[in-house]
Structures are given as C-alpha cells and as structure tokens.
Amino acid sequence: MKTIPHHQIAEPAVTCSTCAACCCQLEVMLITDTGVPDRFIDTDEWGGEVMLRLDDGWCAALDRDTMMCTIYEKRPLICREFEMGAPECIEERQGITTAYR
C-alpha cells in the first residue's frame, strides 16, 4: 500500500507587514480616557462612546494608504489590548481571508 505524504502548510506569520488591520472594522467602545481626539468619537445607539467608523466600515483613525493607526499613541484601551497574532486576531483575519492572498 502506497502512502501519500502529508505536508502541513504553515499559516503565515502575523506581523505588522502582513496585517490588513481587520480589527479596525470592529466596533470599539471607549471605556477609558486615552485622549482619542473628538473627531474620531461617535455615539452608538445606546448612548455609549465608540470609535467613529466611516461609510466603508473602517475606523476613521485608520490611514487607508498605510493601514496603520493615525492615533496609535492615543488609541483606545480595547485596541491596546487586542494583541496581534492572538486567537481573537486570527479569528478576525479568517473573516477577511481575501485580504491575505
């Protein structure tokens, strides 16, 4: 009986250079004051403060050319805690697999 060799294809490493900022499409509640400029703050339907998202669904603070945060030093606590390469990050990346072809 012949066996067919099985090769595990490694998932691409999650780094800043391979990130499509998919987490920047999530709703981000502002639960602490980090100094987010007012122009990036919106109010959700329950009256809570959230990061403003533009019509395309992306965070208003995301630079679309570089896919990097324009307020990185003043980003919300949730963004600070969303660790690159963590299970939550990988799950969000799988939701937009077309960005990684």
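Residues numbered from 1 in each chain as written. Predicted model: local features only at pLDDT ≥ 70, side-chain atom pairs only at ≥ 80, totals over all residues. Heavy atoms only, no water.

If you look the protein up in an unreviewed UniProt entry, it shows as Zinc-or iron-chelating domain-containing protein from Pseudomonas helmanticensis.

## Concerning the pattern of salt bridges
This structure, assessed with the given rule, holds one salt bridge. Between Asp56 and Arg64 there is a salt bridge, with the nearest N and O atoms lying 3.2 Å from each other. A relative accessible area of 46% means that Asp56 is categorised as partly exposed. By relative accessible area, Arg64 is classed as partly exposed at 31%. (Salt bridge = Lys/Arg side-chain N within 4 Å of Asp/Glu carboxyl O. Buried < 20%, exposed > 50% of the residue type's maximum accessible area, 1.4 Å probe, protein only.)

## As for a nonpolar patch on the surface
A contiguous nonpolar surface patch, about 260 Å² in accessible area, is contributed by Met29, Ile31 and Ile78. The class of Ile31 is exposed, set by a relative accessible area of 56%. (Patch = residues over 30% accessible without salt bridge, like charges linked within 9 Å, V, L, I, M, F, W, Y side chains within 5 Å. Areas by Shrake-Rupley, 256 points an atom, 1.4 Å probe, with all protein chains shown as cover.)

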